[in-house]
Amino acid sequence: MPRHTLLHWPIPAGLILLSLVPILAGILRVTQIASGPAITPDTARFLVHPVAIYLHAGGGALYLLLGAFQFYPPLRARWPRWHRFAGRVLVAAGLLAALAGLWMAQTFPEDPGNPDLLYGFRVTFGLGWIVCLGFGLLAAIQRDIPAHRAWMMRGYAIGLGAGTAVLTYGFWLLIGGTDSLQVTTLTNFAAWAINLAVAEILIRRQTRKKPLQLTREFA
């Protein structure tokens, strides 16, 4: 494999690695529900609408894994048709995961471990995820490639929030912080904020570069 091609692999590899925790957690939850668990205080709320969990976990896993490869430029350049097809699947998977997440937030019984502020963040960023995917799709239809990439990067940043939350929560505990509902809420918010901040930095770096003729990706 050429050296210039190898240089691009750390980005999708890192995104996949960051996605593994929420994906594995989703697989465990789906497996638990599918096995018909006994109704307990820990499982009762998840059995209200199990389909919502299947859709959220399945759509989210597909979105995160497939989306990581969209950040691999040689793949986009060599197989533009694959990039277009994968992009359509990504939008569908992302919308499915986001809408199922909102469904869960609105209909699942209240959990003392999920404060109102965390609920508010989940709804806000869930809606933001949908908006980013919508604008990204619209920009692609209009052949506005820079805007398309910017909105899709923002959407992926939001979708990856659960993965980054593991790091922010773990870092807090590592420096000696104590665990609490407020910590869970703030570390989740910090994950979304960090992801979006990184996305905006990358977007602005791209806009400062000399524009490239990339419309063939959507031809």
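Because the structure is a prediction, the values reported are computed rather than measured.

1. A word on a nonpolar patch on the surface
Argument step 1. Residues V51, Y54, L55, L96 and W103 make up a contiguous nonpolar surface patch of roughly 390 Å² in combined accessible area.
Argument step 2. Sorting elements by how many residues they give to the nonpolar patch places helix 3 (residues 50-69) first, with three residues.
Argument step 3. Note on placement: W103 falls in helix 5 (residues 80-107).
Argument step 4. Residue classification places W103 among the partly exposed positions, given a relative accessible area of 32%.

2. Considering the confidence of the model for the protein chain
Argument step 1. Mean pLDDT for the protein chain: 85, with 84% of residues reaching 70 or above.
Argument step 2. Per-residue pLDDT stays below 50 along residues 212-219; that stretch engages in 20 contacts with residues further than four places along the chain or on separate chains.

3. Here's the deal with the pattern of salt bridges
Argument step 1. Across all of its chains, the model carries two salt bridges by this definition.
Argument step 2. The partner of R154 in a salt bridge is E200, and the shortest N-O contact between them spans 2.5 Å. A residue pair is termed long-range when its members are at least 10 positions apart, and R154 in helix 7 (residues 145-159) and E200 in helix 9 (residues 181-208) qualify at 46 residues.
Argument step 3. Among the ionic pairs, E200 bridges to R204, the shortest N-O distance being 2.4 Å. Placement of the pair is E200 and R204 together in helix 9, with a separation of four residues, close to one helical turn.
Argument step 4. Members of the salt-bridge network, linked through shared partners, are R154, E200 and R204.

4. Things to note about the nonpolar core
Argument step 1. Counting 23 residues, the largest nonpolar core has Y63, L64, W129, Y156 and I158 as the members making the most contacts within it.
Argument step 2. Residue assignment for this core shows that the elements contributing at least two residues are helix 2 (10-34), helix 3, helix 5, helix 6 (116-141) and helix 7.
Argument step 3. Here the element with the most residues in this core is helix 5; it accounts for six residues.
Argument step 4. In this structure L64 touches S19, P22, I23, Y156, G159 and L160, once residues within four positions along its chain are discounted.
Argument step 5. A52, I53, M104 and F108 belong to the second largest nonpolar core, which has five residues in total.

Reading the values: rules and limits
- Residues numbered from 1 in each chain as written.
- Predicted model: local features only at pLDDT ≥ 70, side-chain atom pairs only at ≥ 80, totals over all residues.
- Heavy atoms only, no water.
- Patch = residues over 30% accessible without salt bridge, like charges linked within 9 Å, V, L, I, M, F, W, Y side chains within 5 Å.
- Areas by Shrake-Rupley, 256 points an atom, 1.4 Å probe, with all protein chains shown as cover.
- Salt bridge = Lys/Arg side-chain N within 4 Å of Asp/Glu carboxyl O.
- Helix = DSSP H or I, 4+ residues; strand = E, 2+ residues; numbered from the N terminus.
- Buried < 20%, exposed > 50% of the residue type's maximum accessible area, 1.4 Å probe, protein only.
- pLDDT = per-residue confidence, 0-100.
- Contact = heavy atoms within 4.5 Å.
- Core = buried A, V, L, I, M, F, W, Y, C linked by side-chain atoms within 4.5 Å.

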